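The chain contents come next:
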Amino acid sequence: QVQLAESGGGLVQAGGSLRLSCAASGATSTSVAMAWYRQAPGKEREVVAAISWSGDDTYYDDFVKGRFTISRGDAKNTVALQMNSLKPEDTAVYYCNTVAWGIWIPLTGDRYWGQGTQVTVSS
């Protein structure tokens, strides 16, 4: 099992920056690909960025390419998302979780999620 705790969200103005962090624990936390997901009110949860278990490969949704950067720590027990040039449409609750590479859903499906961290971008 993997337990995840997100932090770093907040209220920022459009064009600003924010850095999200995810602390992971459990036997699989350092040996699986990880991703950041987000969900806005009334919308489906979606992957915005992902990183392979080794940290050698990354994936970004087209809407955030060039603005967001995902990374893993040396111990691979933390995952960060650096968000620059934020837009109001980035407003959502952001979650981290495992990811099946190329399929872009958690390894456990839709069963296990943390509390997430709220990101609000004002105009």
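Provided above is the structure to which this section pertains.
Residues numbered from 1 in each chain as written. Predicted model: local features only at pLDDT ≥ 70, side-chain atom pairs only at ≥ 80, totals over all residues. Heavy atoms only, no water.

Attention now goes to the packing of aromatic side chains. Here a ring pair, both rings aromatic, is described through the centre-centre distance and the interplanar angle of the planes. This structure, assessed with the given rule, holds 4 aromatic pairs. When the centroid spacing of 5.0 Å and the interplanar angle of 90 degrees are considered together, the rings of Y37 and W113 count as edge-to-face. With Y37 in strand 4 (residues 34-39) and W113 in the loop between strand 9 (92-98) and strand 10 (117-122), this residue pair connects regions lying 76 residues apart in the sequence. The buried category is assigned to Y37, whose relative accessible area is 2%. Measuring from ring centre to ring centre gives 5.0 Å for W101 and W104, while their planes differ by 65 degrees; the resulting arrangement is edge-to-face. We classify W104 as partly exposed; its relative accessible area is 24%. Linked through ring pairs, Y37, Y95 and W113 together constitute an aromatic cluster. We note K87 situated over the ring of F63; from NZ or CZ to the ring centre the distance is 5.0 Å. (Phe/Tyr/Trp six-rings, centres within 6.5 Å; stacked < 30°, edge-to-face > 60°. Helix = DSSP H or I, 4+ residues; strand = E, 2+ residues; numbered from the N terminus. Buried < 20%, exposed > 50% of the residue type's maximum accessible area, 1.4 Å probe, protein only. Lys NZ or Arg CZ within 6 Å of the ring centre and 35° of its normal.)

The next point concerns the sheet that holds strand 2 (residues 10-13). The strands making up a sheet are joined through hydrogen bonds of the backbone, oriented either antiparallel or parallel. The 6 strands lie next to each other as 2-10-9-4-5-6, forming an open sheet whose pairing is mixed. Each edge of the open sheet carries a strand with a single partner, namely strand 2 and strand 6 (58-60). Across the sheet, the axes of successive neighbouring strands diverge by a mean angle of 25 degrees, strand direction being ignored. Sheet topology note: the strand 4/strand 9 ladder contains 6 bridges and is antiparallel. The residue bridging R38 from the neighbouring strand is Y94, located in strand 9. (Pairing = 2+ DSSP bridges. Axes fitted to C-alpha atoms, helices over the stretch in contact; angles between N-to-C directions.)

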